[in-house]
Amino acid sequence: MAVTIEELYRNYGILADAKPEDLSQHKDAYQVILDGVKGGPKEKRLAAQFIPKFFSSFPELADAAINAQLDLCEDEDVSIRRQAIKELPRFAAGENIVRVADILTQLLQTDDSAEFNQVNTALVSIFKMDAKATLGGLFSQILQGEDIVRERAIKFLSIKLKTMPENAMTKEVEDYIFTETKKVLEDVTGEEFVLLMRILMVLKGLQTMSGRQQLVELVVEQAFLEQALNPADPDTVDRLLQCTRQALPLFSKNVHSTRFVTYFCDHVLPNLSSLTSPVADLDIQLEVLKLLAEMSPFCGDMEKVETNLTMLFEKLLEFMPLPPEAEGENGENTLSDEPKLQFSYVECLLFSFHQLGKKLPDFLIDKINAERLKDFKIRLQYFARGLQVYIRQLRVALQGKTGDALKTEENKIKVVALKITNNINVLIKDLFHNPPSYKSTVTLSWKPVQKAEAVALKRPSGEDMGAGSTMKKQLSPPLPRRDARQIYNPPSGKYSATIGNFSNEQRGGFRGGRGRGFGGRGGRSRGRIY
């Protein structure tokens, strides 16, 4: 016969009135409360509140009490589930914390938003009681649970970990997170990899130079830099992109990007034109060139500096055309004869060449024969002339515009185009020195500026190669999103150019679900493991 409301209240009264030292004598009364989970909605709601209140007084009924509460956590009535979940942290004591954390982690799979928030709150609550034990339950499900539970547990950690109090995040806890995360990284998807790296990057112990180096080593393992690149496989390409993006913020003058830069020179640049994009509408060639450019300032000592510079030099020649033949039949050049100047590609390649050139300053003097050097300078001169025309057109178009006028999509693109061309201008000037110089510094056009100012653009006083020097005072407004990008065409049409993608927001996920990309986790079909 089902327990009634009256019986629940009566037995609750017995337990509430008993002295703490006498509570264990009223085991039967607590059993009646446990049986309340078999009653109707009202009885279940009361049981959800009463069971945890006296849980610690009846250790011999601990398993029965937890199982009774779990029955309520799976009830069809969402209000009963929420009440039961809310009370779960009260069971988290001693060795029960890991079990409660495991249960709560599994409950993250709910589709009810209020219930999901309740689970999150409960997990945070027990994390503050015992961080390591709670993490034990979370990582248990990440490593062995159903895919949806794994996914949500990883997201929980990536969001909540940085908000945890400092006293909870001890060195022991951080070491545990690092050890368990390394286990998870043995078999992950691209999205999981990004989230797991986000988790590790908030750990204080990994924000030192040696800590960042450890993180770089983890990324190197994921990137498979010891293997040749298959440019036709979008998953392989995406793996490299994702890993490089995660490694970028870790590089510094002391944490070097050498292995990534070397890999790009050895395997990516030779296959640049045959790379398969993992994401629709992504200019994959420009994307990898941007990544190479961003890494190049942090490259340390290289075994094959000359070889890598030669590869960059050869690739740069592909995007820096020779002037067209002198004349057509009518004695004039036609528009079709004018090669397109691909400024975005050249900015990346020229910047990378300029950075690595510092390691072998005599490369253009001693390592390139006179005929090739002459050819290179002709290309530089032709490109520089095109730059000057384009820069003048952009300055005229933007002259006098400030504030809201610079916020239109068209003007945003023009401002970035101006920054690209000025960057190239500065770098070409360095290479025209005799001997070539590698001293100038520029900020890559897609990188955020240090200080936001209104751009007051003025026509340059001269038309020489010094036009680029004024860019130190010209700052770009926020860049347009990828889906809003446009190609800007110079008004005259003489020097048409593909400015390309300006912002660095191209962040594609891995194709398909687990089973592709980062190691192929197979699907699981397990029920709840309470």
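Scope of this entry: the structure provided in the associated data block. (Residues numbered from 1 in each chain as written. Predicted model: local features only at pLDDT ≥ 70, side-chain atom pairs only at ≥ 80, totals over all residues. Heavy atoms only, no water.)

Some points on the pattern of salt bridges
Once their charged atoms are close, side chains differing in charge can pair, the charge on each being opposite to the other. Taken as a whole, this structure holds 25 salt bridges when the rule is applied. Residue Asp-111 is joined to Arg-152 by a salt bridge in which the shortest nitrogen-to-oxygen separation is 3.7 Å. In this pair, Asp-111 is assigned in the loop between α6 (96–106) and α7 (113–129) and Arg-152 in helix α9 (residues 147–160), connecting sequence segments 41 residues apart. Between Lys-304 and Asp-266 there is a salt bridge, and its shortest N-O distance comes to 2.9 Å. With a gap of 38 residues between them, Lys-304 in the loop between α15 (284–295) and α16 (305–319) and Asp-266 in helix α14 (residues 258–268) connect regions that are remote in the sequence. Judged by its relative accessible area of 28%, Asp-266 is partly exposed. Linked by salt bridges that have partners in common, Glu-151, Lys-155 and Glu-191 make up one network. (Salt bridge = Lys/Arg side-chain N within 4 Å of Asp/Glu carboxyl O. Helix = DSSP H or I, 4+ residues; strand = E, 2+ residues; numbered from the N terminus. Buried < 20%, exposed > 50% of the residue type's maximum accessible area, 1.4 Å probe, protein only.)

Here's the deal with unusual backbone geometry
With the exception of glycine, most residues fall at negative phi, and the peptide bonds are largely trans. With an omega of 0°, the peptide bond running from Asn-434 to Pro-435 counts as cis. Mapped onto the fold, Pro-435 is located in the segment after α20 (409–432). Positive phi outside glycine occurs at Phe-224, with the angle close to 55°. In this structure, Phe-224 sits in the loop between α12 (209–223) and α13 (234–247).

Remarks on the packing of α16 against helix α19 (residues 370–398)
At a minimum axis distance of 10 Å, the contact between α16 and α19 shows a crossing angle of 45°. Between α16 and α19, the angle is such that the two are oblique. Where α16 crosses over α19, the two elements pack in a sense that is left-handed. The segment α16 lies against α19, with Phe-313, Glu-314, Leu-316, Leu-317 and Phe-319 engaging Arg-372, Asp-375, Phe-376, Arg-379 and Phe-383. (Axes fitted to C-alpha atoms, helices over the stretch in contact; angles between N-to-C directions. Parallel < 35°, antiparallel > 145°, perpendicular 65-115°, else oblique. Left-handed = near helix turned anticlockwise from the far one by under 90°. Contact = heavy atoms within 4.5 Å.)

Here's the deal with the packing of helix α1 (residues 5–17) against helix α3 (residues 41–53)
In contact at an axis separation of 10 Å, α1 and α3 are set at 15° when each is read in the N-to-C sense. Classed by the angle they form, the pair α1 and α3 counts as roughly parallel. Here the hand of the crossing between α1 and α3 comes out left-handed. Contact with α1, carried on its side by Ile-5, Leu-8, Tyr-9 and Tyr-12, involves Lys-42, Glu-43, Leu-46, Phe-50 and Lys-53 of α3 and no other residues of that element. The residue makeup of the contact of α1 with α3, split by class, is six nonpolar, no polar and three charged. (Nonpolar A, V, L, I, M, F, W, Y, C, P; charged D, E, K, R; others polar.)

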